[in-house]
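Structural description and commentary
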Amino acid sequence: MTNIEMASLKLNVQSNRRTFDAGEPCMLGIDEAGRGPVLGPMVYGTSYCPIAKLEDLKSKGFMDSKQLTEQQRDDLFEAIGDCDFMGFAVDIISAVQLSEQMLRRSKYNLNLISHDSAIGLIRFVVDTLKVNVQEVYVDTVGDPNKYQAKLKQAFPSIPTIRVEKKADALFPIVSAASICAKVSK
């Protein structure tokens, strides 16, 4: 586990630390599971792989994780761990951490916590693992246009950043991230 200090949030990252050939262009997806301290932790997940492996990713059966059974999600999560062309990381934010952040004097709402977790995971993959991320796909939290602008400002060197509603149903790499988050929760 790696701890990354953000402005107001300490990330607790767990990862299979998969890296690829230096410079190989990769895509990265982000999604979450369990928004809200009443339901336990909120888990943000990211999955990443070479862009050239998109068809291989699709052939593994990644799709909207809400449409999968628990067993199917478990099987796909295991496949991610065993796969030589995919990596993942998750940030597990406990209910206590969420409550502490949201109830402090200077407000830090759930959307900001979510955004910071996503930014922290991207930084972990890009800066710590040295993955050449060229495309980022994120399931939105709040206004997708504002969130996308925030990510583009944080990562100006990444050419493609898309924040979409229902991204886990649109992009297999986001579906993989969603599976990592849900299974890790």
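For clarity, every value in this text was computed on a predicted model and none was experimentally measured.

**A word on the overall build of the protein chain**
- Broken down by element type, the protein chain carries 7 helices and 7 strands.
- What you see in the protein chain, going N to C, is helices and strands ordered as β-β-β-β-α-α-β-α-α-β-α-β-α-α.
- Classification of the 185 residues of the protein chain by burial places 51% in the buried group.
- A sequence separation of at least 24 residues applies to 75% of the contacts in the protein chain between residues at least 6 apart.
- Here the protein chain has roughly 8,700 Å² of accessible surface; of this, 49% comes from carbon and sulfur atoms.

**A look at the nonpolar core**
- In this structure, Leu 28, Ile 122, Val 125, Val 131, Val 136 and Leu 151 are the most contacted members of the largest nonpolar core, which totals 31 residues.
- Residue assignment for this core shows that the elements contributing at least two residues are β3 (26-33), β4 (42-50), β5 (87-93), α4 (110-128), β6 (133-139), α5 (144-154) and β7 (160-164).
- With 8 residues, α4 is the single largest residue contributor to this core.
- Among residues more than four places away in sequence, those in contact with Leu 28 are Thr 46, Ser 47, Tyr 48, Ile 122, Val 125, Val 133, Glu 135, Val 136, Tyr 137 and Ile 173.

**As for the side chain of Asp 139**
- Along the chain, Asp 139 falls in strand β6.
- Those residues within four positions of Asp 139 in sequence are excluded, and the remaining contacts are Ile 30, Asp 31, Tyr 147, Glu 164, Lys 165, Lys 166, Ala 167, Asp 168 and Val 174.

**A few points about the pattern of salt bridges**
- A complete count under the given rule lists 3 salt bridges for this structure.
- Two residues, Lys 53 and Asp 56, come together in a salt bridge whose shortest N-O distance is 3.6 Å.
- Relative accessible area serves as the criterion here: at 30%, Lys 53 is assigned to the partly exposed category.

**Structural notes on the packing of helix α2 (residues 70-82) against helix α7 (residues 172-184)**
- Where α2 contacts α7, the axes come no closer than 9 Å and their chain directions differ by 110°. What the angle tells us is that α2 and α7 run roughly perpendicular. Both α2 and α7 take part in a crossing whose hand is left-handed. Listed contacts from α7 to Arg 73, Asp 74, Leu 76, Phe 77 and Ile 80 of α2 are Ala 176, Ile 179, Cys 180, Lys 182, Val 183 and Ser 184.
- Considered class by class, the residues forming the contact of α2 with α7 number 7 nonpolar, 1 polar and 3 charged.

**Re the pairing of β5**
- Counting buried residues along β5, 6 of its 7 residues qualify, which places the element largely inside the surrounding structure.
- Sheet analysis places β4 next to β5, joined by 7 bridges and oriented antiparallel. Looking at the pairing, Tyr 48 lines up with Gly 87 of β5.

**A closer look at the confidence of the model for the protein chain**
- Mean pLDDT over the protein chain: 85, with 86% of residues reaching 70 or higher.
- Confidence scores differ between elements of the protein chain, with strand β1 (residues 2-5) showing the lowest mean pLDDT of 41 and β7 the highest of 98.
- Ignoring residues within four places in sequence, the model shows residues 1-9, a span with pLDDT below 50, making 32 contacts including any to other chains.

**Considering the side chain of Ser 175**
- Note on placement: Ser 175 falls in helix α7.
- Aside from chain neighbours lying at most four places away, what touches Ser 175 is Phe 62, Met 63, Asp 64, Ser 65 and Asp 168.

**Some words on unusual backbone geometry**
- Backbone geometry places Lys 130, a non-glycine residue, at a positive phi of 60°.
- Even without a glycine there, the phi angle at Lys 166 is positive, about 60°.
- With respect to the helices and strands, Lys 166 occurs in the loop between β7 and α6 (167-170).
- Residue class for Lys 166 comes out exposed when judged on its relative accessible area of 59%.

**What to know about the packing of α4 against α5**
- One way to put it is that α4 packs onto α5 with a least axis distance of 11 Å and a crossing angle of 35°. Here α4 and α5 pass one another in a crossing that is right-handed. From α4, Leu 112, Ser 114, His 115, Ala 118, Ile 119 and Ile 122 reach across to α5, where they touch Tyr 147, Lys 150 and Leu 151.
- Residue classes in the contact of α4 with α5 are distributed as 6 nonpolar, 2 polar and 1 charged.

Calculation rules
- Residues numbered from 1 in each chain as written.
- Predicted model: local features only at pLDDT ≥ 70, side-chain atom pairs only at ≥ 80, totals over all residues.
- Heavy atoms only, no water.
- Helix = DSSP H or I, 4+ residues; strand = E, 2+ residues; numbered from the N terminus.
- Buried < 20%, exposed > 50% of the residue type's maximum accessible area, 1.4 Å probe, protein only.
- Contact = heavy atoms within 4.5 Å.
- Areas by Shrake-Rupley, 256 points an atom, 1.4 Å probe, with all protein chains shown as cover.
- Core = buried A, V, L, I, M, F, W, Y, C linked by side-chain atoms within 4.5 Å.
- Salt bridge = Lys/Arg side-chain N within 4 Å of Asp/Glu carboxyl O.
- Axes fitted to C-alpha atoms, helices over the stretch in contact; angles between N-to-C directions.
- Parallel < 35°, antiparallel > 145°, perpendicular 65-115°, else oblique.
- Left-handed = near helix turned anticlockwise from the far one by under 90°.
- Nonpolar A, V, L, I, M, F, W, Y, C, P; charged D, E, K, R; others polar.
- Pairing = 2+ DSSP bridges.
- pLDDT = per-residue confidence, 0-100.

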